[in-house]
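Chains, contacts and geometry: an overview
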Amino acid sequence: MPNDLRHHPVLQAMVDQGVLIAFLCLLVFLAFVAPHFVSAANAFSILIDAAPLVLLALCELVVMLVAGIDLAVGAIAGFTGAIAATLMLQGMAWPLATLLALLAATLAGALQGVVINYLRVTDFISTLAGLSIFSSLTLIITDGEPMNINANGFNALGEGHLLGVPTQIWIAAFVVVLVALWLGLTASGMHLYAIGGNRTAAYRAGIRVRRLRSLAYAFSGLSAGIAGVILAAQLATADPNAGRGQELPAIAAVVIGGVSLFGGRGSVWGAVLGALILSTILDGLVLLNISPFYTELVEGIVILLAVMMGHLRKRSSN
């Protein structure tokens, strides 16, 4: 039956563009039922909430392309904010403090990549250990208490505007464009897809699989670090709980966006769309005064529907 979809252009289009269609239907539905949903202020609110999630979704996208997973992205985000705040409180200029914090986040991701690819520890175990390690380090650095950040330039990354658009939206958009160019136009980006599609064939083709898989985790650390900087700048505080639990929404976003859990398939725009869907759902629940206890229930249902749609898409293309 699914193979017959190719003979029905409308049904085939619905399967191929199911996520986009679902997002448009969600927007129309909320426009009718949620008060104040259709407004510039609410649109910016959704995008502001989505910015850190988009960056964390990019982490998962890149590692999933090489058939991996990263459970430590939320912990690394919180770790980055704590390091930046500590350095600034010690008198370091905020640009240098931010740069060093992002370097630490990149090294954290690279270390996980080395453990996974050179010491042969599975992705799940290694990043689960990373989740515990970096969460604990954040608590140690902050002593379990929020750290106020008084650097105006740093705080502007989360509170400022450029051409009327919040700064964090510009930051997320810039990273999205860079990653799209990397995956779509460079040899290393295309090799990531090849590794996820067939690792053995990639080895035989001369692709440096372990190096590129380690690079994917290093990028994941960097992107998570940028998300952590945005979170800290938004609140003007390095919260020891910042980023905690955000790995699951990040994974959900990419799954919703059509990224394969088994590697080799997915797009930047799909990951972004998945993050926007989750942020829009959360915004709709708030506007409709629905208890936040339902958030994870709704996310779970959306993930199941997305996986089913992906399965249909795969079968219809065979």
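Here's what I pulled together on the structure shown here. (Residues numbered from 1 in each chain as written. Predicted model: local features only at pLDDT ≥ 70, side-chain atom pairs only at ≥ 80, totals over all residues. Heavy atoms only, no water.)

Before going further, it helps to spend a moment on the overall build of the protein. Within the protein one finds 14 helices and four strands. For the protein, whose C-alpha radius of gyration is 20 Å, the value lies close to the compact-globule estimate of 20 Å for 318 residues. Seen along its three principal axes, the alpha-carbon backbone of the protein occupies a region of about 65 × 55 × 35 Å. Buried residues in the protein amount to 50% of all 318 residues. Sequence separation of at least 24 residues holds for 77% of the intrachain contacts in the protein that already meet a minimum separation of 6. (Helix = DSSP H or I, 4+ residues; strand = E, 2+ residues; numbered from the N terminus. Rg over C-alpha atoms; globule rule 2.2 N^0.38 Å. Buried < 20%, exposed > 50% of the residue type's maximum accessible area, 1.4 Å probe, protein only. Contact = heavy atoms within 4.5 Å.)

Within this structure, the stated rule accounts for one salt bridge. Between R213 and D123 there is a salt bridge whose closest N-O contact spans 3.3 Å. One end of the pair, R213, is in helix α11 (residues 209–235); the other, D123, is in helix α6 (residues 123–142), with 90 residues separating them in the sequence. The exposure class of D123 is buried, given its relative accessible area of 15%. (Salt bridge = Lys/Arg side-chain N within 4 Å of Asp/Glu carboxyl O.)

Coordinates in, geometry out; function isn't part of it.
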